[in-house]
Amino acid sequence: DIDKEIDLELKDKIAYFENYIKYIKSIEEEMEYQIDGCVFKINEIEYQEKLKNTLKNYKWAIAYKFHSNEAITKIIDVEYQIGKTGIITPIAILEPTELEGATIKKATLHNFEYIKIKDIKINDTVKIKRAGKVIPEIIEPILELRNIQKVKDIEIPKFCPYCNEKLSKDGPFVKCTNKNCKGIIKEKILYWVDNMDINIGEAIVSKLVESKLIKDVSDLYELRIVDIASIGNIAKKMANKIYNEIQKSKENSFEKILISLGINNVGPSIVKLLLTKYKKIEDLMNANYEDLISIKGIGKEIAINILEFFKDLENIELIKKLKK
C-alpha cells in the first residue's frame, strides 16, 4: 500500500513537469527571444547546499531540452574542413533551407564512420536539425526518396585539401599530420585568438598565414603595425587596432593562456582542475603521469594528452617564444 502511495505521488510530480513543459511550449512563439527548453530547480537554498554540484552541473537543477525542429533538404556536394589537431571533418553542402529562423546551407557529417553507419550519399534527400538549436547536422537520409542512378558515395579523401600531404587513418577519422599545413596553423591561431579574446576575424588570420607572416601563435607577438597593414585591404587605423588587441592579450591570466594552447581535450573545466595543483607552466611541464591522475577529475586519456603535448619539442619551443 505504501508503494502504491509513493507511485501515485511520483506520477503526480511527473504530470506537473509534463504540464509545465507543455505550457512553455505553448507560449514559446509569443516570447521576444528564442528558447531551447526549460530548467527545473529546487528553490530551497538549504537543500541546494546539501545537494551541491559537480564541476559542470548543479545537482539541484535539471534542464529539459525541447526536441529540435527538423527540415528536409538535399545534399548537393561535400567539402572538407580541418581542425587544429589535423582531423578532417566532412561538411555537407545543402540546398538552402529554412530552419528555426535561419537559412541552412551546410551541415556537419561528423566523421566517415558516421557517414557509413547512416548510409549518407551525395544527392540524397536528408533530414537535418540544429543540434542544441545551433549546429546544423544531418540526422539521416530518406531512403524511399533515394534515386539510385543519381546518388554518389562520399569519398574519403586521400590527400589533405589544404597542403596536399597524404592523410592517415585515426579510428573513425582521417588526419593530416603535416605540422606545416596551413589549414592546421590557421585553426590553431584561430583557437588562440578566440580564447585569448583577441578581436581578429578569420579573414585576417587567413591572410597573415597565407602571407607567411605567422607560422605559430607566438609570431602574432612579433607583428608590427606595418606588417599587419601590408597584407592588403587593411587601413592603418585598423592595423593599429589589431596590433593593440594583440598587445593587450599579453596581460591575460595563466588560466586563459593554458586553455588557448589547445592541448587535446583540455578545455576550461580541466584547466580549472590543473590550476588547483599547478600555478606555473614550468610546474605543469615537469608533471608526471602519477601527479596528473592524482587530481580528481583528470583521467588517463587527458593525462596522456598533457604529457604528449609537453614532450613535443615544437610545443616546448613555442612556450619559450611566448615567455620571451
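Attention in this report is confined to the structure presented alongside it. (Residues numbered from 1 in each chain as written. Predicted model: local features only at pLDDT ≥ 70, side-chain atom pairs only at ≥ 80, totals over all residues. Heavy atoms only, no water.)

**Here we look at helix α13 (residues 313-323)**
Of all the residues in α13, the buried ones are N315, L318 and I319. Viewed along the axis of α13, the buried residues span an arc of 95°, placing them on a single side of the element. In α13, those exposed residues whose orientation departs by more than 90 degrees from the buried face are L313 and K320. Along its buried surface, α13 packs onto α10 (281-285) and α12 (300-311). Of the residues that open α13, the one with a side-chain oxygen 2.8 Å from the backbone nitrogen of E314 is D312. (Buried < 20%, exposed > 50% of the residue type's maximum accessible area, 1.4 Å probe, protein only. Helix = DSSP H or I, 4+ residues; strand = E, 2+ residues; numbered from the N terminus. Arc of directions from axis to C-beta. Contact = heavy atoms within 4.5 Å. Polar contact = N/O pair within 3.5 Å; in protein donor to acceptor, adjacent residues only side chain to side chain.)

**Looking at the side chain of T73**
Here T73 shows up in strand β3 (residues 70-82). At 2.6 Å, the side chain of T73 forms a polar contact with the backbone oxygen of E95. Apart from the residues lying within four places of it in its own chain, the contact partners of T73 are L94, E95, T97, D124, T125, V126 and I128.

**Concerning unusual backbone geometry**
Although it is not a glycine, D197 adopts a positive phi angle of roughly 60°. Relative to the helices and strands, D197 resides in the loop between α4 (182-195) and α5 (202-210). Residues other than glycine seldom take positive phi values, yet N265 does so here, at roughly 65°. Counting through the fold element by element, N265 comes out in the loop between α8 (254-260) and α9 (268-275). Assessed through its relative accessible area of 43%, N265 is described here as partly exposed.

**Some remarks on the layout of surface pockets**
It is a probe the size of a water molecule, rolled over the atoms, that shows where empty space is left. Of the volumes computed, that of the largest pocket is approximately 1000 Å³. For the largest pocket, the lining is made up of 32 residues, of which K179, K188, F309, D312 and N315 are closest to its centre. Sorting the residues of the lining of the largest pocket by element identifies α4, α12 and α13 as the ones contributing at least two each. Looking at the lining of the largest pocket residue by residue, the class counts come to 11 nonpolar, 10 polar and 11 charged. Of the voids in this model, the second largest pocket is the one considered here, and its volume is about 420 Å³. What lines the second largest pocket is a set of 16 residues, and nearest its centre among them are I257, K321, L322, K323 and K324. (1 Å grid on protein atoms, 1.4 Å probe; cavity = no way out; pocket = protein on both sides within 12 Å on 5 of 7 lines; lining within 4 Å. Points joined across faces, edges and corners; volume = space filled by probe spheres on them. Nonpolar A, V, L, I, M, F, W, Y, C, P; charged D, E, K, R; others polar.)

**A word on the packing of aromatic side chains**
As enumerated under the stated definition, the model contains 8 aromatic pairs in all. Both rings, one in Y16 and one in F17, keep their centres 5.6 Å apart while their planes meet at 65°; by these two values the pair is edge-to-face. Judged by its relative accessible area of 37%, F17 falls in the partly exposed class. Centre to centre, the rings of Y58 and W60 are 4.5 Å apart; their planes meet at 35°, and the pair counts as tilted. Taken together, the aromatic side chains of Y16, F17, Y20, Y23 and F40 make up a single cluster linked through ring pairs. Here the guanidinium or amino end of K84 rests over the ring plane of Y191, the centre of that ring lying 4.6 Å away. (Phe/Tyr/Trp six-rings, centres within 6.5 Å; stacked < 30°, edge-to-face > 60°. Lys NZ or Arg CZ within 6 Å of the ring centre and 35° of its normal.)

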